[in-house]
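Report on the structure
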Amino acid sequence: MPNEIHHRREVQALMDRGAQIVEVLPREQFEEDHLPGAIHLPLRKIEAEARKALDGDRPIVVYCWDSA
Amino acid sequence: MDGKLDWLAAGLPTEGSNAQLPRAGTVARRDVPTCRMDELLGPVRERVREAGWDACVVVNDERVVFGLLREAQLERDGDESIERVMRPGPSTFRPHVPIAEMAAFMVTHDLPSSPITTSDGRLVGLLRREDAVHAAHELHAGKEQTP
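Residues numbered from 1 in each chain as written. Chains lettered and ligands numbered in written order. Predicted model: local features only at pLDDT ≥ 70, side-chain atom pairs only at ≥ 80, totals over all residues.

Another point: the overall build of chain B. Helix and strand content of chain B: seven helices and six strands. Ordered by position from N to C terminus, the α and β elements of chain B give α-α-β-α-β-β-α-α-β-α-β-β-α. A compact globule built from 147 residues should have a C-alpha radius of gyration of about 15 Å, and chain B, at 16 Å, falls within 12% of that. Its C-alpha atoms put chain B at 60 × 35 × 25 Å along the principal axes. Burial statistics for chain B: of 147 residues in total, 37% are counted as buried. Residue pairs at least 24 apart in sequence account for 62% of intrachain contacts in chain B once pairs closer than 6 positions are excluded. (Helix = DSSP H or I, 4+ residues; strand = E, 2+ residues; numbered from the N terminus. Rg over C-alpha atoms; globule rule 2.2 N^0.38 Å. Buried ≥ 20, exposed ≤ 12 C-beta atoms within 10 Å, placed from the backbone. Contact = placed C-beta atoms within 7 Å.)

Shown next, in the form of structure tokens:
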């Protein structure tokens, strides 16, 4: 079930447990800076490619630029 | 979470082409002296001078920044409280700001130093203008040498 994560400490805890981290921003922004180990899945492609690119048995954290 | 911006603003590690570039948080001096608002200026000034500094950041027990003492404040009467003499609510900057941007801002606004804090206000370090300008020059010189 999807949950909203409000604090970076939760993300760090999930990362420690092997979560897959997904950035949905455009490639240029991803290449400049991304969270350690993040996978790039642009928003427009996420529905089509998520099943292929991600392991559904592990936690997945999806992030963009801010909370807006 | 509050997104990549919040992660960067907390000074947490990243990967990518910008990850190794100097930023406010990497150039800031983390050994800057700190004090609390309820201390007296005299002993704080002594501590600051002994450490070879001319500035001190006023924080609470969680290292949240409340004020700043620069040379002018440090020279005031030693019997006054820090709360009374400090510059309250100084402008703070986040650790991910590129160093060239910081250097330009500090020169334009004649800022000798600026506290660098996380998005929740906790002190990362004090960025001195000369350090920012030096790092920006080094970065610029490195780029010019790259073929």
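Next comes the rest of the description.
Grouped together as the largest cluster of nonpolar side chains are 31 residues, with contacts concentrated most on Ala24, Val57, Val58, Ile99, Met102, Leu127 and Ala132 of chain B. Listing elements by their share of this core, those giving two or more residues are helix H2 (24–27), helix H3 (41–50), strand S2 (56–59), strand S3 (65–69), helix H5 (82–85), helix H6 (99–108), strand S6 (123–128) and helix H7 (129–145) of chain B. Apart from residues no more than four positions distant in its own chain, Leu127 of chain B is found in contact with Ala24, Val27, Ala28, Met102, Ser113, Ser114, Ile116 and Ala132 of chain B. Within the second largest apolar cluster, eight residues are counted, among which are Leu35 of chain A together with Leu8, Ala9 and Ala10 of chain B. (Core = buried A, V, L, I, M, F, W, Y, C linked by C-beta atoms within 7 Å.)

Now for the sheet that holds strand S1 (residues 20–23) of chain A. All names here are of chain A. The sheet built from three strands is open, its strands ordered S2-S1-S3 with parallel pairing. At either margin of the open sheet sits one strand with a lone partner, and together these are strand S2 (39–40) and strand S3 (60–63). Direction of pairing for S1 relative to S3: parallel, over a ladder of four bridges. Bridged to Ile21 within S3 is Val61. (Pairing = 2+ DSSP bridges.)

This part covers the pairing of S1 of chain A. The sheet contact formed by S1 of chain A and S2 of chain A spans two bridges and is parallel. Across the sheet, residue Glu23 of chain A finds its bridge partner in S2 of chain A, namely His40 of chain A.

Turning our eyes to something else, we now look at the environment of Ser114 of chain B. Following the sequence through the fold, Ser114 of chain B ends up in strand S5 (residues 113–117). Between the C-alpha atom of Ser114 of chain B and that of Val44 of chain B, which follows or precedes it by 70 residues, the distance is 19 Å.

Where interface size is given, it is often the accessible area lost as the parts come together that is meant. Between chain B and chain A, the contact holds 17 residues from the first and 18 residues from the second. Looking at side-chain class alone, the side of chain B that touches chain A contains eight nonpolar, five polar and four charged residues. (Nonpolar A, V, L, I, M, F, W, Y, C, P; charged D, E, K, R; others polar.)

Turning our attention to the sheet that holds strand S4 (residues 87–88) of chain B. Residues and elements named next belong to chain B. Taken in spatial order, the four strands of this open sheet run S1-S2-S3-S4, and their pairing is mixed. Each end of this open sheet is capped by a strand with a single partner; those strands are strand S1 (34–35) and S4. Bridging between S1 and S2 involves two bridges; their strand directions are parallel. Bridge pairing in S2 links Cys35 to Val58.

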